[in-house]
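Architecture and fold: a report
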Amino acid sequence: MSFLNVLREYENFDFEGYFKNVTDEMIISSINKKVLDKFDFLNLLCPKAKNHLEMMAQKAHKITVANFGYTINLYLPIYVSNYCSSDCLYCGFSKKNKIHRKKLSLEEVGIEAKEIAKTGIKSILFLTGESRKVTPLEYLCDVTKILKKHFSFVSIEVFPMSQEDYEVLFKAGVDGLTVYQEVYDKKIYKSVHVSGEKSNFEYRLDTPQRGAKAGFRSLNIGTLFGLGNISKEAFFSGLHARYLSYKYLECELGLSLPRINDAEGDFKPNTILDDVTFVQIMCAYRLFLPRVDINISTREDAKFRDNLLGICATKFSAGSKTEVGGYTKAKTEPQFEISDKRDSEEVIQRIQNLGYEPVYKNWESI
Amino acid sequence: MLKIGDKEFSSRLLSGTGKFRDKNDIKKMLEKSGSQIITIALRRVNLENPQDNVLNYIPKHITLLPNTSGARNADEAVRIANIAREAGCGDFIKIEVIHDAKYLMPDNEETIKATRILAKDGFTVLPYIMPDIVTCKKLEDAGASVVMPLGSPIGSNAGLQTKSILEMIIENSNIPVIIDAGIGLPSQAASAMEIGADAVLINTAIATASNPALAGEAFSWAIKAGRIAYLSKLQEQSQYANASSPLTGFLNL
Ligand code: SF4
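Criteria and cut-off values
- Residues numbered from 1 in each chain as written.
- Chains lettered and ligands numbered in written order.
- Predicted model: local features only at pLDDT ≥ 70, side-chain atom pairs only at ≥ 80, totals over all residues.
- Heavy atoms only, no water.
- Salt bridge = Lys/Arg side-chain N within 4 Å of Asp/Glu carboxyl O.
- Helix = DSSP H or I, 4+ residues; strand = E, 2+ residues; numbered from the N terminus.
- Buried < 20%, exposed > 50% of the residue type's maximum accessible area, 1.4 Å probe, protein only.
- 1 Å grid on protein atoms, 1.4 Å probe; cavity = no way out; pocket = protein on both sides within 12 Å on 5 of 7 lines; lining within 4 Å.
- Points joined across faces, edges and corners; volume = space filled by probe spheres on them.
- Contact = heavy atoms within 4.5 Å.

One pass over the structure, following the stated rule, counts 32 salt bridges over all chains. For glutamate 197 of chain A, the salt bridge is made with arginine 132 of chain A, and the minimal N-O distance between the two is 2.7 Å. Of this pair, glutamate 197 of chain A sits in the loop between strand E6 (193-195) and helix H10 (201-205) while arginine 132 of chain A sits in the loop between strand E3 (123-128) and helix H7 (137-150), and the two are 65 residues apart along the sequence. Relative accessible area serves as the criterion here: at 42%, glutamate 197 of chain A is assigned to the partly exposed category. Measuring nitrogen to oxygen at the nearest pair gives 3.2 Å for the salt bridge that ties lysine 94 of chain B to glutamate 96 of chain B. As far as the burial class goes, lysine 94 of chain B and glutamate 96 of chain B line up, both buried. Members of the salt-bridge network, linked through shared partners, are Arg305, Asp306, Asp340, Arg342 and Arg350 of chain A.

In structure tokens, the structure reads:
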């Protein structure tokens, strides 16, 4: 069984037609339900639901406080390599882009890690471009071991792997896996992932599942807004998270809402996710999946992030650098431009001023 | 007095450190509520960062109850317990083995296993469980110092949804029964005490109240009231005692 089977059920589903028949009463009743089914979720994603956004936000806030309290988990990304053998039209690291390529030596990883650890944040996400050749499994294991000396929680965002390879990484100390489907619409997927391993839609779709089987404690997924139809993509992301949560009870699930901004190259997004719809989707995620982590990165600007905190965000990066070697001596181009340019101290101070507790450490290496 | 392991406590309110807006609120809450035992997730204990280290916000006379939050099986729970002991958190351990990240339901089977290992190793074990009489008996045999059945799902504030089973557990138990999770209001804490619970653990409701210290105080009064009600056998006063038309009058008793 794969999430592909679920996706197939919607191949001929008329979303437009469904949305036309959604009434205000339906939306209000969906907001007020204790357990929302997939149609309730869809009602909340309907354009009309924007009329009830305040009500959605109020409930989202309430559920979040009940489940997570007034806390926000902090993490930082470290880019260890920007070599990539795929060509994704929207990404600065695409093999077609003539950028300065760099892979950190293990020694450099240690230096960067030490620098990042100065923030006091104990959770790290390490990323690479998707090149099996340049950053093979052994390298990833070595990086993990170094990072584990400085951080208690290590997650990866690298090329999709087999369950066996993930098991090796789990043993080496990896705790969590981030993998975005980018777009759940297969046709669009094929059109933006032109070549390389990443063009395999199905293999990518089953990646979180292989990670769960390998033992990772947390899975973070999402769609990249800007590629496919906004409401549909949000709907499938939520369904995917719920599918995984029913199948792998023991995994903590997270959803991110990345949206395309100005990366290197000049990709024009197919769709634009505006701020209002962003908040609508985030609240719909929370109401549909009360315990899921909602992760807001520094792609979003400072003011917007601060406001999302009070609604239902549970995870923040703070003071991120998206260049390889960015924390010590950035020379390379970033994967994407960050908007919230505050350093981690500033973000943390702001979180406290807003009446939330910044969580530096939320796991112990065991 | 509430006796757990070799320690005695006058307060029957156990509190928690999670979900607070500000760690400075913890101390005030402890003062106002009189709680003498506080649970902390080892996963959150940060020895390297004094400002973030929750242990620095807890007065020394309070008994620490580290918990194994994040453990997915007995083995992980045992490892976390040992790290907690090494970190200087003492010998009390609350076992939380959760195999369900969605509703945070405890895994009784793995909890029994972990209890057996840790009790043998000298820990004072407080296992968090799904209310079940058989599990409670097995935990007693395994060396648990108390049992901590849930009142309703964590963070739900739904009160004693499992009341009828809790009553059976209380009736049958030879060790203290502490109701953990799901209590959102002082009145619910009072009813837990009225049915004979030895103590209750309240975290979410206190931590997320707009004034945690005041909320803690409210819970402590409710718990005292509930306890006195239990001791005064209020619950046992039969509603059948004064029936207006006696059924046994013909016997000329
Ligand atoms: S999105 Fe990933 S695979 Fe695609 S070009 Fe960028 S780094 Fe490579």
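It is worth spelling out the layout of surface pockets at this point. Residues and elements named next belong to chain A. The space that makes up the second largest pocket amounts to roughly 470 Å³. Along the walls of the second largest pocket sit 29 residues, with Thr119, Ala318, Asp343, Ser344 and Glu345 positioned nearest its centre. Taken together, the elements giving at least two residues each to the lining of the second largest pocket come down to helix H6 (106-117) and helix H15 (344-353). Residue contributions to the lining of the second largest pocket peak at five residues, all from H15.

Residues and elements named next belong to chain B. Positionally, aspartate 107 belongs in the loop between strand E6 (92-95) and helix H3 (108-120). Sequence separation of aspartate 107 and leucine 64 is 43 residues, and the distance between their C-alpha atoms is 23 Å. When neighbours within four sequence positions are excluded, aspartate 107 is seen to be in contact with Val97 and His99.

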